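# Chains, contacts and geometry: an overview
Residues per chain, in single letters:
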Amino acid sequence: MTAPMTPPPAAPAPQGQAPAQPYWPGQAPAGGYVSPIPVRQATLGDAITAEWTKIKSLRSTMWTLGTMLTVVIGIGTLIAVVTYNVTDDNDVNGDILGMGFVGVLLGMIPLLTLGVLTISSEYGTGLIRTTLTACPSRGRVLGAKAIVFFGLTFVLTLVATTLVAMLDAGLMGDRTTDGISGSEWIKATLGVSLYVATLGLLSLAVGALLRHSAGAITGMLGLVLLPPLLSLFMMSEAVRPVGKALITYSIPSQLAVFYGAELGDDGPTGWTPLWIVIGVTAVALGGAYASMTKRDA
């Protein structure tokens, strides 16, 4: 009979360390593996740092946000310059800050696209598996993405809208007898920025629900552009109330409220559009969280 096999001798331990216990390959030591690197439990701050590193490293982030800033500032300034050249002194009526409306509406499109890509691109490439391996808490991943994206888009939109408002007020201030109140300044800058950034969160939630970049981007563009277009074809008496509701509660109309537009007696006024989009976004984020926790990556 052959002698029973014995484990190989343990390698000599470095000075100051206890000798390692010998074990066969595939068999863990009694105490388990202990990493020499200090290990701590991951936190939401770690997830936010990781998401910030990812979003600032993507070329799509620079292109989309750069396009948004160019459109918002460029179109807002261009409209003010053209209006200045075609009007006479004291011939401008209405809210001067409303000249930034078209630029914000068009600049919103690349921002919504980035919101979708922030999460849907990871599903498309399979990177979401790596993300969830590093951070198994799916709610923490979704929360970190939402915090980073909202903070980034809010700050950039606030900078752009404030710059446009200052340029428009400085250029057109001597062409109107109406002054600009403090509430108009706040709504045209802070209010618009909160509204646009919250819409960006809605696009992120739609991207998490659909997990398909093209489908989610198409859905968000349809949400912005389709209701006003549909309302144009609902002129008959039977469907006229539906068309009126579509145009009244469409995203362009709600955005115009922050620039002083009136949508009728039954339309949203003041800060109501912001509360509406916050409610819709909260529901969508809840659905995205349920989808991420119940569906495989």
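Please refer to the structure higher up on the page.
Predicted model, so just to flag it, every value in this text is computed and none were measured. (Residues numbered from 1 in each chain as written. Predicted model: local features only at pLDDT ≥ 70, side-chain atom pairs only at ≥ 80, totals over all residues. Heavy atoms only, no water.)

### Some details on the pattern of salt bridges
- Tallied over the full model, the rule gives five salt bridges.
- Salt-bridge contacts for E51 lead to K54; the nearest nitrogen and oxygen are separated by 3.1 Å. Here K54 and E51 lie together in helix α1 (residues 44–57), a separation of three residues that amounts to about one turn.
- Measuring nitrogen to oxygen at the nearest pair gives 3.5 Å for the salt bridge that ties E237 to R240.
- Look at R240 and you get partly exposed, because its relative accessible area is 40%.
- Beyond isolated ion pairs, a larger network of salt bridges with shared partners links E51, K54, E122 and K145. (Salt bridge = Lys/Arg side-chain N within 4 Å of Asp/Glu carboxyl O. Helix = DSSP H or I, 4+ residues; strand = E, 2+ residues; numbered from the N terminus. Buried < 20%, exposed > 50% of the residue type's maximum accessible area, 1.4 Å probe, protein only.)

### Regarding the layout of surface pockets
- Space inside the largest pocket adds up to approximately 270 Å³.
- Along its surface, the largest pocket is lined by 16 residues, and K54, L58, T118, S121 and E122 are the ones closest to its centre.
- Contributions of two or more residues to the lining of the largest pocket are made by α1, α3 (101–125) and α5 (138–172).
- It is α3 that contributes the most residues to the lining of the largest pocket, six residues altogether. (1 Å grid on protein atoms, 1.4 Å probe; cavity = no way out; pocket = protein on both sides within 12 Å on 5 of 7 lines; lining within 4 Å. Points joined across faces, edges and corners; volume = space filled by probe spheres on them.)

### Thoughts on the nonpolar core
- Ranked by internal contacts, the top residues of the largest apolar core, which has 50 residues, are M108, Y195, L199 and L255.
- At the level of elements, α2 (59–86), α3, α4 (127–134), α5, α6 (182–210), α7 (213–232), α9 (251–257) and α10 (272–294) are the ones that each hand at least two residues to this core. (Core = buried A, V, L, I, M, F, W, Y, C linked by side-chain atoms within 4.5 Å.)

### A closer look at α1
- The terminal C-alpha atoms of α1, which comprises 14 residues, lie 20 Å apart, in line with the 20 Å expected from a rise of 1.5 Å per residue.
- Those residues of α1 lying buried are A47, E51 and I55. For α1, the arc enclosing every buried residue in end-on projection is 60 degrees, short of the 170-degree limit, so these residues lie on one face.
- Along its buried surface, α1 packs onto α2, α3, α4 and α5. (Expected span 1.5 Å × (residues − 1). Arc of directions from axis to C-beta. Contact = heavy atoms within 4.5 Å.)

### A word on the packing of α3 against α5
- Packing of α3 against α5 brings their axes to within 12 Å, and their N-to-C directions diverge by 160 degrees. One element, α3, and the other, α5, form an angle in the roughly antiparallel class. Two packed elements cross with a definite hand, and for α3 against α5 that hand is right-handed. For the pair formed by α3 and α5, the contact residues are V104, L111, L114, G115, T118, I119 and E122 on the first element and L142, K145, F149, T153, T157 and T161 on the second.
- Residues of the contact of α3 with α5, tallied by class, amount to six nonpolar, five polar and two charged. (Axes fitted to C-alpha atoms, helices over the stretch in contact; angles between N-to-C directions. Parallel < 35°, antiparallel > 145°, perpendicular 65-115°, else oblique. Left-handed = near helix turned anticlockwise from the far one by under 90°. Nonpolar A, V, L, I, M, F, W, Y, C, P; charged D, E, K, R; others polar.)

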